[in-house]
Amino acid sequence: MSDVVSYVIDRNIAVITVKNPPVNALSQAVRQGLLDAIRQASGDESKAVIIHCEGRTFIAGADITEFGKPHAEPLLPDLLNEIEACGKVVVAALHGTALGGGFETALSCHYRIAVPEAKVGLPEVKLGLLPGAGGTQRVPRLAGVEAALDLMLAGAPISTEHAMQLGLVDRMADGDLREAAMNYAQELVESGAGPRRASEMDGESVDDAVFDAAAAMVAKRARGQSAPPRIIECVRTAMATGFSAGQKRERELFTESMSDPQSAALRHVFFAEREAAKVVGLSKETPLREINSVGVIGGGTMGGGIAMSFANAGIPVRLLEISEEALERGLSIIDSNYAGSVKRGKLSEDKAQKCRELISGATDYGSLADVDLVIEAVFDDPELKKTIFAKLDETCKAGAILATNTSYQDVDEIAKATNRRPDVLGMHFFSPAHIMKLLEVVRADKTADDVLATTMALAKRIRKVAVVSGVCYGFIGNRMLQGYFREAQLCLIEGGLPETVDAAMVDWGMAMGPISVGDLAGLDVGYKARQALPDHERGDPAAFRVPDVLVEAGRFGQKSGKGFYLYDPDTRKQSPDPEVQTIIEREAAALNIERREIPAAEIVDRLIYALVNEGFRILEGGIAQRPGDIDVVYIYGYGFPAWRGGPMHYASEVGLEKVLARIVEFRDRFGEDHWTPAPLLEKLVLSGRSLADWTER
Ligand code: 3H9
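The notes below deal with the structure included here. (Residues numbered from 1 in each chain as written. Predicted model: local features only at pLDDT ≥ 70, side-chain atom pairs only at ≥ 80, totals over all residues. Heavy atoms only, no water.)

Each helix and strand counted, the protein chain has 30 helices and 19 strands in total. In terms of principal-axis extent, the alpha carbons of the protein chain reach across some 85 × 60 × 55 Å. Within the protein chain, the fraction of its 697 residues that count as buried is 55%. In the protein chain, the share of contacts with a sequence separation of at least 24, taken over all contacts with a separation of at least 6, comes to 73%. Per element, the accessible surface of the protein chain, about 29700 Å² overall, is 52% carbon and sulfur. For the protein chain, the distance from the average position of its 77 positive side-chain charges to the average position of its 99 negative side-chain charges is 1 Å. (Helix = DSSP H or I, 4+ residues; strand = E, 2+ residues; numbered from the N terminus. Buried < 20%, exposed > 50% of the residue type's maximum accessible area, 1.4 Å probe, protein only. Contact = heavy atoms within 4.5 Å. Areas by Shrake-Rupley, 256 points an atom, 1.4 Å probe, with all protein chains shown as cover. Lys, Arg positive; Asp, Glu negative; His and termini not counted. Charge placed at Lys NZ, Arg CZ, Asp CG, Glu CD.)

Next comes the structure, spelled out in structure tokens:
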């Protein structure tokens, strides 16, 4: 029939097979092939139809690479209406991940059979979209309004079992899926069950309160995002009007979201995340080392979280501490983390126990002799790290990968402590490491290709989003953060308050305000780091005067019950402290700073453009491979709103010329120490080029 859709009649059943690797996305050719096939099935001697897919998955959605291009017929909603209208029973046979337009295809079929391991879902919201091929209309009719809202607003896939409970899948397949689907179709024909069309089902009548509750939830959890309210409106319309009026509204709102910059940003993030996994210049054929066991040195919050990340992926871990006492403390933190996951319903008791059993403790380096990878996660002291790496060099088997979880230190210097520099690299996890998705993989000067390739593949196995960084102080993320925090502190002393600076950034979309982040991380950490530096390297005194005074007054942040804010000892609820305002005003006066009201827009621009300006430097210096990698770092590691696409995408959206003009304005107002425009930014603007042009250089 076509290269991507085939058609045969097997024992009276029309078998339509999609074969469009890697994920059977609904490209124009697939849509056309399906349309031709369903028309053929409608007119020939077959008794029923099954739609199934070859390869690793059922259709995983519309073809995202076609988005933003002119519509090519047949349009998916029309195709699916035609499948549903077929006079013969149509059965969808699901395996892998039936997502988005793929699941909508299944919903337009009259019955659905799925293998137990299959996942189904409508993740469009994660791309700033809504299910645009009848999903918002068919799911509430099949599963009820609340379940439909849950599925579409969370965008998370659900299991076959769960989908059966909701009425979205009818049968679980035993054995070969194609065979099981054919038997099911045969059985439906024999029992006289005709086509069962979701569009013809009555919608349930629900109280408005259900929609209001969903809207309130979205306003809180999906703050600033435009797709979730559109999804709610579609479902509301589905229940208030007939299917075709509902589908018309769905189409209008889908088209609206498709041209919304939020969707462009989220689609950018989708591809940037996948692109980040690819290392420029590294062949796909690079051989991988086997990683079947891991050693983690240091059982603190970080080491414990790292150990859990591996155990959760089924990889045994040996956790090394300096004494039995420290080891016991580390293991008990892990125990309580697992207990917390079980309590919050994130892990079953059984799974938590199995993971926990994969972590064993040790206090001697000899116990790391056989592991395939060691990650050092001790206090960020370069000398201590070098001593540890020299020991690892003596102890570990040949071919073991040796990684440091340092946040700032020079990985080349650490590698030099060994006689096997090609085996050494950085694996910079983010706290809490068992939860945060980001992993910066730091490629040192002499890191071997297979070590890098193995680490990138391993990151995927432990479900992290990995980004390669070159060696520099703070790598991609923390290096950029310095300017961001500096501007937050300067805005504070020049006229802001903790709550106004935080509110400006949170309203803009950041997960947490910068001042609250400082309190959470502990103000004493930065204080100690500053004290260790010679005076001339500490930076602008105005930017650390207030935090220094707070630390010296015993205000370390959340852990001491007060920092920039006060924290309730029982609930940890944050509240402003008038005493801090007095301190800020006093210190501003001491520095001869005349305080003024700083508009929220200025706060946002100063903080975000400080990130962006450094991002350009990081790109030009080859520390990050591409702009999208920087975006991925900020979204997965620093609470940057995904719907703004990351700092570099955001700068492109605003327009590089405008960004440069604002940075130049800041330079003129605040001086070139902090605001010298990055040469790459200037070059691009001068030559009228975009970041995309630079990427393809
Ligand atoms: C939609 O359906 C809208 C409709 O409601 C309405 C329409 C009118 N298109 O992730 P992986 C590529 S919106 C094009 O590494 P995994 C991906 O870029 C869509 N390409 O594999 C990568 O390419 P490369 C709703 C796609 O096994 C390769 O496939 N659907 C698409 O870890 C492998 O991907 C979704 O949002 C696509 N739809 O995970 C599902 N999907 O190798 C999006 C993937 O060149 N997809 N590619 O880098 C996923 O969530 C995951 O890819 C999936 C597989 C779970 C399927």
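Additional details are given in the paragraphs that follow.
Across six bridges, strand E1 (residues 5-10) lies against strand E2 (residues 13-18) in antiparallel orientation. Looking at E2, one finds that Asp-10 is bridged to Ile-13. Counting the residues between successive antiparallel strands, the hairpin from E1 to E2 contains two residues, one of them, Arg-11, with a positive phi of roughly 50°. (Pairing = 2+ DSSP bridges.)

In this section: the site of the ligand. Taken together, 27 residues lie around the ligand, and Arg-56, Gly-101, Glu-104, Glu-124 and Arg-274 are the ones closest in. In the environment of the ligand, an oxygen atom lies 2.7 Å from a nitrogen or oxygen atom belonging to the side chain of Glu-104. Between the ligand and Lys-460 there is a distance of 3.1 Å, counted from an oxygen atom to a side-chain nitrogen or oxygen. Computed on the free molecule, the ligand has an accessible area of 1000 Å², of which 76% lies beneath the protein chains in the complex. Looking at which element gives the most residues to the shell around the ligand, the answer is helix H11 (residues 261-276), with three residues. A per-class count over the shell around the ligand returns 15 nonpolar, five polar and seven charged. (Near = heavy atom within 4 Å. Polar contact = N/O pair within 3.5 Å; in protein donor to acceptor, adjacent residues only side chain to side chain. Nonpolar A, V, L, I, M, F, W, Y, C, P; charged D, E, K, R; others polar.)

In space, the eight strands of this open sheet follow the order E12-E11-E10-E13-E14-E15-E16-E17, with mixed pairing throughout. Across the chains shown, the open sheet's two edge strands, defined by having one partner strand only, are strand E12 (359-362) and strand E17 (465-469). Across the sheet, the mean angle separating the axes of adjacent strands is 25° when strand polarity is ignored. Here three bridges tie strand E14 (residues 401-404) to strand E15 (residues 424-429), and the two strands are oriented parallel to one another. (Axes fitted to C-alpha atoms, helices over the stretch in contact; angles between N-to-C directions.)

This brings us to the pattern of salt bridges. Working definition: two side chains of opposite charge can pair if their charged atoms are close together. With the rule as written, the count across this model stands at 54 salt bridges. Between Arg-606 and Glu-494 there is a salt bridge, with the nearest N and O atoms lying 2.9 Å from each other. Remark: Glu-494 occurs in helix H18 (residues 475-494) and Arg-606 occurs in helix H24 (residues 600-620); sequence separation between them is 112 residues. Since its relative accessible area comes to 14%, Glu-494 is described here as buried. Linking Asp-629 and Arg-626 is a salt bridge whose minimum nitrogen-to-oxygen distance equals 3.1 Å. For the pair formed by Asp-629 and Arg-626, the shared burial category is buried. (Salt bridge = Lys/Arg side-chain N within 4 Å of Asp/Glu carboxyl O.)

Turning our eyes to something else, we now look at the environment of Val-280. With respect to the helices and strands, the residue Val-280 is situated in the loop between H11 and strand E10 (294-297). Given a relative accessible area of 54%, Val-280 falls into the exposed group. For the pair Val-280 and Leu-331, spaced 51 residues apart in sequence, the C-alpha separation works out to 39 Å.

Let's shift gears to the packing of H18 against helix H19 (residues 498-508). Following both chains from N to C, one finds H18 and H19 inclined at 135°, their axes separated by 9 Å at the closest point. With respect to H19, the element H18 is oriented oblique. Like other packed secondary-structure pairs, H18 and H19 cross with a definite hand, here right-handed. Counting all contacts with H18, which are made through Tyr-484, Ala-488, Cys-491 and Leu-492, the residues of H19 involved are Pro-498, Val-501 and Met-505. The class makeup of the residues in the contact of H18 with H19 is seven nonpolar, no polar and no charged. (Parallel < 35°, antiparallel > 145°, perpendicular 65-115°, else oblique. Left-handed = near helix turned anticlockwise from the far one by under 90°.)

A few words on the environment of Ala-369. Here Ala-369 is to be found in the loop between E12 and strand E13 (373-376). Judged by its relative accessible area of 23%, Ala-369 falls in the partly exposed class. For the pair Ala-369 and Ile-113, spaced 256 residues apart in sequence, the C-alpha to C-alpha distance is 49 Å. Once residues within four sequence positions are removed from consideration, Ala-369 is found in contact with Thr-395, Cys-396 and Lys-397.

There is a patch of like positive charges on the surface, built from Lys-126, Lys-351, Lys-437 and Arg-463. Mapped onto the elements, Arg-463 comes out in the loop between helix H17 (449-461) and E17. Its relative accessible area of 54% is what places Arg-463 among the exposed residues. (Patch = residues over 30% accessible without salt bridge, like charges linked within 9 Å, V, L, I, M, F, W, Y side chains within 5 Å.)

The next subject is the pairing of E13. The alternating pattern of E13 places Leu-373 and Ile-375 on one face and Val-374 and Glu-376 on the opposite face, and all of these are buried. Of the pairings in the sheet, the one linking E13 to E14 comprises four bridges and is parallel in character. Directly across from Val-374, in E14, lies its bridge partner Leu-402.

This part covers the sheet that holds E2. Across the sheet, six strands lie side by side as E1-E2-E3-E4-E6-E9; this open sheet has mixed pairing. The open sheet has two free edges, formed respectively by E1 and strand E9 (171-172), since each of these has just one partner strand.

As for its placement among the helices and strands, Thr-500 is situated in helix H19. In this structure Thr-500 comes out as partly exposed when scored by relative accessible area, which is 40%. On a C-alpha basis, the gap between Thr-500 and Val-280 in space is 42 Å, while along the polypeptide they are 220 residues apart.

Across the interface, helix H5 (residues 145-154) lies against helix H8 (residues 208-221) with an axial gap of 11 Å and an inter-helix angle of 20°. Here H5 is positioned roughly parallel relative to H8, judged by the angle of their axes. Between H5 and H8 lies a crossing of right-handed hand. On the side of H5, the interface is formed by Val-145, Glu-146, Leu-149 and Leu-153, while H8 contributes Val-210, Phe-211, Ala-214, Met-217 and Val-218. Residues belonging to the contact of H5 with H8 are distributed by class as follows: eight nonpolar, no polar and one charged.

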